[in-house]
Amino acid sequence: MSQFTKKVKDLCSSSNQTSVKPSRGFDLNDAMERFECPPPTYHPTTSQNIRDVFLRAQPISFHVNGTLVTVDTSQVPPTTSLARFLRSHLHLTGTKISCNQAGCGACVVSTSLVDPASGEERHMSVNSCITPVYKCQGWKVKTVEGLGSQHAGFHPIQQRLAELDGTQCGFCSPGMVMMMNGYLEGHPNPTQKDIEGVIDGNICRCTGYRPIFDAFKSFASDAPPELLRKVNDIEDLVSTDGFFPCPKTKQPCQGRCHPNDSRIIQFIQSKEGNEWIKPNNLEDLLALLDDLAPNSSYRLVAGNTGTGIFNDDGPYKSFFDISAIPELVTITLDPFNVGGGVSLTKFIEILEQQASSKGVDYAHGAQMAKHIKKVANTNVRNVGSVGGNLMLKHAHKDFPSDIFALLEAAQAKIGVKSTTGEILMYSPVDWLSVSMDKKILLFINFPKFTSKHRFMSYKITPRSQNAHAYVNGAMSIQINDNYDVVERPVIVMGGISELFFRPANTENLLVGKNLMARSTLDDALATLESEVVPDSNPVLATIQYRTHLAKALLYKFILSVIKDAVDSSLVSGATQIDRGVSRGTVTYDTDPSQYPMQQPIHKLEGQIQCTGEAEYVDDIPASPGELFAAYVLSNVANADVDQVDTTLAMTMPGVVEFVNFEDIPGRNSTNGTGTPEEKLFTDGKVYYAGQAIGLILAETYEQARQAAKAVIVTYINQSKPILDIRDAVDNHKKTNVRAKVPLVVKKRGIQKANDATGPLRSVQGEFEIGSQYHFHMETQSCIVRPIEEGQFEVFSATQHMDGVQKSIAMALGINMNKINVSVRRLGGAYGGKINQPHFIAAACAVAANKVKRSVRLVLDLQTNMALCGKRVPYLFKYNVSVDSENKLQDVTVDVFADVGYNDADEDTDMAKYWLQNCYNSPSWKVNCFDVLTNTPINTYCRAPSSTQGHACSEIMMESVAVALGLDPLEFRLGNLLSPGDPTLQGAPFEGPMALPEIIAALKASCDYDARMAEVSTFNQHNSWKKRGLALIPQRWPQDYGGRKYTCQVAIYTEDGTVAISHGGIEMGQGLNTKTVQVVAATLDVPLDMISVKVSNNFVANSNWVTGGSRGSELVPAAASMACSELVARMKPIADGLGGSPDWLTLIRECDKQGLDLVARHTTVARNDNIKNYDIWGAACVEVEVDVLTGEKNVRRADLVQDTGASISPNIDVGQVEGAFVMALGLWMTEKIKYDPKDGRLLTNDTWEYKPPTSQDIPEVFNTTFYNNGNASKGVLGAKATGEPPFLLGFAAFIAIRNAINAAKEDLQADPTVWYELDAPATNENVQLTTGVTSAHFWV
Ligand SMILES: Cc1cc2nc3c(=O)[nH]c(=O)nc-3n(C[C@H](O)[C@H](O)[C@H](O)COP(=O)(O)OP(=O)(O)OC[C@H]3O[C@@H](n4cnc5c(N)ncnc54)[C@H](O)[C@@H]3O)c2cc1C
Ligand code: FES
Ligand code: FES
């Protein structure tokens, strides 16, 4: 008899309430189906205890991809997430984990579960990272493996995502697929707009979303015909014969195996001492709560999504899964009551239904529904409940709950049931001060509104979707036909402070007032200002902005009420930014005679990325005895470590070892030359908060993380950290600013710039650009395995195998030939995996060396963000002089780069070369300074330093044009380089200058002149929305330097197939695809005969980092040369076979003659006569800005990118669009914030850090390839595409400036006065820069 059978039998017999059928050969999987427990009876009035009577140890079992799985609850604690369970216990590694907080979508699976009230089965997508596996009891989970695979065939969603090029690094792809699958299973006939709306919780850092939209919109009922032409029919997508066949009956599952109506209450006691209880009705839940000891720590588990925000709440002893309680999900329409357990998705549906069917009674439901669609994301809303949201607000008063604001303004009442059975009703505000201990938020009641009511709500966020509010608000008011306020209105605001919800004085003041009167507005705003006192918190927006937003929202509300009666220019203040369905075009030419070169094929690994079969480091199965490592990080900056106390941590379950600098047998450095260096672990000084102190090693990932948190570190000599470049430059120049060698380039005979009184006119300015986290979806990951003869097998997510190898050798003090590094692929990198994997892999190796076991170190997002450096922030101070012909004469720039706590990765010296961009000046002087701050060593991030240098050049051009009243585009065109002009790179510009042609073509294709006029007209007619249009150029001087990459090509004689391995790293950029195309073309074999092997440091020893857009060129070049060598070797044999034998005949003959069919080539540009060249581009971007709030929408972007003769156009489209959208993040939303007190990174997760989501991309997104600018110079005729298009994103920044200009014009600002706008142009930054305050509001 198994342990489980015995346990259940014991339980049943001890309670004397149940009988167990004799077991025939016990099968755990269907154990629950065979135990029949007659319903016991419980009489609350007797001395019986509910726990004794009903609680039964029952396993957690649920279906995964049609198979019933049972959780071994003795091994798996209740805090284990479904994602972790799928990956670690079922080895279904297609489901990825990235943020672990429901903020990125990497972990999404689809599921179907039975609604306990209606009995209906609902299909949906959920974030498995925050879903406790215990909560999955009775669920039917489908993972990406269950959808399709190479062997079983691809599901249409997988196939379309791959074939429409919606996958690059592939790390987001399984989550994308499952999100769409979950949605389509619940919504078989969505529209394009529906589909765009639901991709709100899945982040893709690579693609720019446009191809993902295309793939998924091909399933829409209104899918555009051109999309449908590209894909197969969708007939079999939504299964009509049952979601999963039952393995026992082979019929669609009826959900009867684990009936929800049983009085038996599922109970699990974990070995850690926690209990998990799943009551089936409200009465039992209340009885169980009543039974808890006073002050027990318990948590009701509804959707459990709250842990995505507040993951430090608890710890809890008892968990009550309340998802099977019908009373909590009951909805009645009249009276309109919504159960506290109703999901936000269902709530939206029901609000829309009420709004459309109940006239004025619930017309406001439409706005509420619209607003709730901006709460969290689809995957969260599918399970996150109304009650759970409100309870988060109850526990954390500063949480800007949108639901709370909406309910208060809708004058809803919250029904709370206590263990006495009493139900009390409260307004949301009053309810906040009611104790909820052992009480249930049972339902919400909505009163009817009348035709006098007006309702509106607002949510101002740093990003368009999946972002909490800076400030949110909901308001309702009753007015008569004369716009007099007839009742006290309800004005609710969140994001202000813990104590502020409603401005009572303002509400009272409005009673009886006429909203059309200017005095009403002025008085209301003044009163509101006196009531709004925002909390000061460095992670939040400034007090100034939040105070302004509070007033702006009230103003917007008043405008929305009176909009039919006010000046038409004000109506733009009443509306919110709304976008239509996005669309776009892609235009390029190819030469079919060159195929497979230039052939628009799809990424080779695309399909296996979409099925989850593509393997990343953390997907590699664990080897026996493998340990998990978790970092202990410092939580202060600029201090010395006093003591590290691991006593508690070492007693925790599963913990094996603590590793720190004392365990390093070699050097505690990643830099062999001494300074500057990155230490593996601190040996005393902590320069920044987040610096590595040590590693905890444990049996499981969770154990390591928990124990790492339990290590107590104390500090001495703590000083105030320097975190900001301006602070360092202004206040710590002597100690923290290091001058570098200036770059001076002068053409003879020029005038020296003086000031405005002389013949030259000079313009000065400053421009600061912030940092950017790489946001590679796969966090830093490494596995190190000690193997025989003192060797180490290393699997590292690195862009630089050689660097990892050197760092480990140095840390362990061993020879490099003992270290075998392999890289299959990276889940995104963008420069973040160039140098940082060095110290991470070396730390992992030190740990593996210490315990002589395999160690896995996969960082959680918070650790990754705190530990690792990000894009280098810059401050530019410039002085530009032009002559009377408006030609640049002298450019002097001071470049300050915030390198972090040392300049190991500095790119200041590179930035100076990029300041010129495409412009000519006879005199340049660039003074460079490294600025030290108490932050991680900042590092390369996609187009490092070129982005900032180019942006500064464009800011200089723009500021001069503005100051001199010139047309900025004409001024730019008038200062382009001509052949022979000096360049900052040294050699004179060779030409040709392609930009006039590119810009003329772009102006024509994007209708530049007409749209300029339209924008101007729009701005004249709208006071509170402004548009801006900007067209900027870009020149990228591609320089290969000494980069070195190897490619080895092997031909197998039996079947003639070809294998290659190279020293580049495939990280989404399509390097493998391009290389295979080149190999196929050079050997003249079909693409499918070529297989790409893992990159490793034996084949490609001492290769360079894959970065700087060079790998995608030089690796194919190496492949081409290796193949040419093979072709040359085989030629005599081919000639002997008549000149053109078929491939297999040739190969077999070569074999017979003993020919070596392996060739390798190591490309170095200078050795292989590969020349540097220029890459050109231009972008025209239009934005719309809400002047009252600073919110923005990118209405349209037209990009022209010089790609030469692209080897692989589909791949390059992805590079161009993806780079552009990542740049939009840098310029518009991604803001890094540190705590000024201790230097902790505050924006260290998806809750606070906001890379672009799908609705942040241009609404109209057109991309065109240009192939006429010295194309012959690119490698194999093609040009690099990974980074140059990143620079084009700056057009959006200038467009925003132009929209701000229009707002300033309305304020009568002098248009020739340049104002500073630092990057990123967050909504806050934009609004405050407009200069518009409540003093400008009018009616
Ligand atoms: C990525 C992300 C983004 C988000 N963005 C927003 C946003 O922009 N705006 C916003 O308003 N919200 C936002 N949220 C919050 C989200 O709406 C809530 O997490 C969700 O509604 C909570 O519901 P749940 O069922 O998952 O609650 P759970 O997480 O299961 O529970 C939360 C708390 O409520 C208690 N509880 C749950 N149900 C009841 C009940 N019926 N009676 C008594 N106590 C109960 C639990 O004990 C627990 O303490 C976001 C969440 C995430 C993860
Ligand atoms: S890992 Fe689950 S949403 Fe990011
Ligand atoms: S393909 Fe989406 S994150 Fe890389």
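Residues numbered from 1 in each chain as written. Chains lettered and ligands numbered in written order. Predicted model: local features only at pLDDT ≥ 70, side-chain atom pairs only at ≥ 80, totals over all residues. Heavy atoms only, no water.

Lining the immediate surroundings of ligand 1 are 34 residues, of which Asn-304, Thr-305, Ser-385, Asp-402 and Lys-459 lie closest. The backbone of Asn-304 places a nitrogen or oxygen atom 2.7 Å from an oxygen atom of ligand 1. Within the side chain of Lys-459, a nitrogen or oxygen atom sits 2.6 Å from an oxygen atom of ligand 1. Burial of ligand 1 by the protein amounts to 96% of the accessible area it has alone, namely 980 Å². If you list the elements that add at least two residues to the shell around ligand 1, you get β9 (298–301), α14 (378–383), α15 (386–395) and β15 (439–446). The leading source of residues in the shell around ligand 1 is α15, at four residues. (Near = heavy atom within 4 Å. Polar contact = N/O pair within 3.5 Å; in protein donor to acceptor, adjacent residues only side chain to side chain. Areas by Shrake-Rupley, 256 points an atom, 1.4 Å probe, with all protein chains shown as cover. Helix = DSSP H or I, 4+ residues; strand = E, 2+ residues; numbered from the N terminus.)

The tally for this structure, following the rule as stated, stands at 60 salt bridges. Linking Lys-806 and Asp-802 is a salt bridge whose minimum nitrogen-to-oxygen distance equals 3.1 Å. Of the two residues, Lys-806 and Asp-802 are both situated in helix α27 (residues 801–812); the distance of four residues between them amounts to about one turn of the helix. Residue Lys-806 is classed as partly exposed on the basis of its relative accessible area, which comes to 44%. Across the pair Asp-1212 and Lys-1074 runs a salt bridge, and its minimum N-O distance is 2.8 Å. Of this pair, Asp-1212 sits in helix α38 (residues 1209–1229) while Lys-1074 is found in helix α35 (residues 1071–1083), placing the two residues 138 residues apart along the sequence. The structure contains a network of salt bridges with shared partners spanning Arg-87, Lys-96, Asp-618, Asp-619, Glu-626, Arg-785 and Arg-856. (Salt bridge = Lys/Arg side-chain N within 4 Å of Asp/Glu carboxyl O. Buried < 20%, exposed > 50% of the residue type's maximum accessible area, 1.4 Å probe, protein only.)

Structurally, Arg-1196 is set in strand β43 (residues 1192–1202). On the accessibility criterion, Arg-1196 (19% relative accessible area) is buried. Within polar-contact distance, the side chain of Arg-1196 engages the side chain of Asp-1198 at 2.7 Å.

So, on to the sheet that holds strand β23 (residues 685–686). Read from one edge of the open sheet, three strands run β23-β21-β25, paired in antiparallel fashion. In this open sheet, the two strands that pair with only one neighbour each are β23 and β25 (712–716). Sheet analysis places strand β21 (residues 639–645) next to β25, joined by five bridges and oriented antiparallel. Within β25, the position partnered with Asp-645 by the bridge is Ile-712. (Pairing = 2+ DSSP bridges.)

Taken N-terminus to C-terminus, the directions of helix α12 (residues 344–357) and helix α13 (residues 364–372) make an angle of 155°; their axes are 8 Å apart at the nearest point. Our classification of the angle between α12 and α13 gives roughly antiparallel. By crossing handedness, the relation of α12 to α13 is classed as left-handed. Here Leu-344, Phe-347, Ile-348, Leu-351, Glu-352 and Ala-355 of α12 lie close against α13, whose contacting residues are Gly-365, Ala-366, Met-368, Ala-369 and Ile-372. A breakdown of the residues in the contact of α12 with α13 according to their chemical character gives nine nonpolar, one polar and one charged. (Axes fitted to C-alpha atoms, helices over the stretch in contact; angles between N-to-C directions. Parallel < 35°, antiparallel > 145°, perpendicular 65-115°, else oblique. Left-handed = near helix turned anticlockwise from the far one by under 90°. Contact = heavy atoms within 4.5 Å. Nonpolar A, V, L, I, M, F, W, Y, C, P; charged D, E, K, R; others polar.)

Turning next to the UniProt feature "binding site: Mo-molybdopterin" (unreviewed entry) in the protein chain. UniProt records the feature "binding site: Mo-molybdopterin" (unreviewed entry) for Gln-799, Arg-942 and Gly-1108 in the present numbering. Spanning 310 residues, the named residues nonetheless gather at one spot, since no C-alpha pair among them exceeds 12.5 Å. Position of Gln-799 relative to the elements: it lies in the loop between β30 (792–796) and α27. Leaving out residues up to four positions away in the same chain, Gln-799 has contacts with Leu-826, Ala-829, Tyr-830, Gly-831, Gly-832, Lys-833, Ile-834, Ile-1065, Met-1067, Val-1105, Thr-1106 and Gly-1107. Polar contacts involving the side chain of Gln-799 include one to the main-chain amide nitrogen of Gly-831, which spans 3.1 Å. Counting through the fold element by element, Arg-942 comes out in the loop between β35 (923–932) and α31 (946–964). In this view, Arg-942 contacts Tyr-830, Arg-871, Thr-947, Gln-1215, Gly-1218, Ala-1219, Met-1222, Gly-1282, Glu-1283 and Phe-1286; residues no more than four positions away in its chain are not counted. (UniProt positions renumbered as here; feature names shortened; annotations may be inferred.)

On to the nonpolar core. Residues Phe-216 and Trp-1227 are the most contacted members of the largest nonpolar core, which totals 160 residues. Residues contacting Trp-1227, with those up to four places away along its chain left out, are Phe-767, Ile-769, Thr-947, Ala-951, Gly-1289, Phe-1290, Phe-1293, Ala-1319, Pro-1320 and Ala-1321. (Core = buried A, V, L, I, M, F, W, Y, C linked by side-chain atoms within 4.5 Å.)

With that out of the way, let us pick up helix α16 (residues 402–409). An α-helical turn contains 3.6 residues, so any two residues separated by three or four positions project in the same direction. The buried fraction of α16 is high, at eight of eight residues. For α16, every residue scored as buried is listed here: Asp-402, Ile-403, Phe-404, Ala-405, Leu-406, Leu-407, Glu-408 and Ala-409. Among the residues of α16, the N-terminal cap falls to Ser-401, whose side-chain oxygen and the backbone nitrogen of Ile-403 are separated by 3.3 Å.

Another aspect to go through is the sheet that holds strand β17 (residues 471–478). Strands sit in the order β16-β17-β18 across an open sheet of three strands; the sheet is antiparallel. Each edge of the open sheet is held by one strand with a lone partner, namely β16 (453–460) and β18 (490–494). Shown here is a sheet whose adjacent strand axes are inclined to one another by a mean of 5°, direction ignored. One ladder, built from five bridges, connects β17 with β18; its direction is antiparallel. In the strand pairing of β18, Asn-472 is matched with Gly-494. Helix-sheet contacts for α13 involve β16 and β17, and the interaxial angle to β16 is about 5°.

The next subject is the packing of α38 against helix α40 (residues 1290–1306). Helix-helix packing is described using two parameters, namely the angle between the two axes and the distance between the axes. Contact geometry for α38 and α40: axes closest at 8 Å, N-to-C directions at 35°. Of the residues in α40, those in contact with Leu-1224, Trp-1227 and Met-1228 of α38 are Phe-1290, Ala-1292, Phe-1293 and Ile-1296. Of the residues belonging to the contact of α38 with α40, the class tally is seven nonpolar, no polar and no charged.

Before going further, it helps to spend a moment on helix α19 (residues 518–531). Here α19 spans 20 Å end to end across 14 residues, near enough to the 20 Å set by a 1.5 Å rise per residue. Among the residues of α19, those classed as buried are Thr-520, Leu-521, Ala-524, Leu-525, Thr-527, Leu-528 and Glu-531. End-on, the buried residues of α19 take up no more than an arc of 170°, which puts them together on one face. Each element contacted by the buried residues of α19 is listed here: β18, α18 (504–510) and α20 (543–562). (Expected span 1.5 Å × (residues − 1). Arc of directions from axis to C-beta.)

What follows covers unusual backbone geometry. At the junction of Gly-314 and Pro-315, the peptide bond is cis and its omega measures out at 5° in the coordinates. Along the polypeptide, Pro-315 turns up in the loop between β9 and β10 (318–321). Across the junction of Gly-991 and Pro-992, the peptide omega takes the value 0°, indicating a cis bond. Looking at where Pro-992 falls in the secondary structure, it is placed in the loop between α32 (968–973) and α33 (995–1005). Look at Ala-376: it is not a glycine, yet its phi comes out positive at around 50°. Inspection of the secondary structure puts Ala-376 in the loop between α13 and α14. Classification of Ala-376 as partly exposed rests on a relative accessible area of 22%. A positive phi angle, close to 55°, is found at Phe-775, a residue other than glycine.

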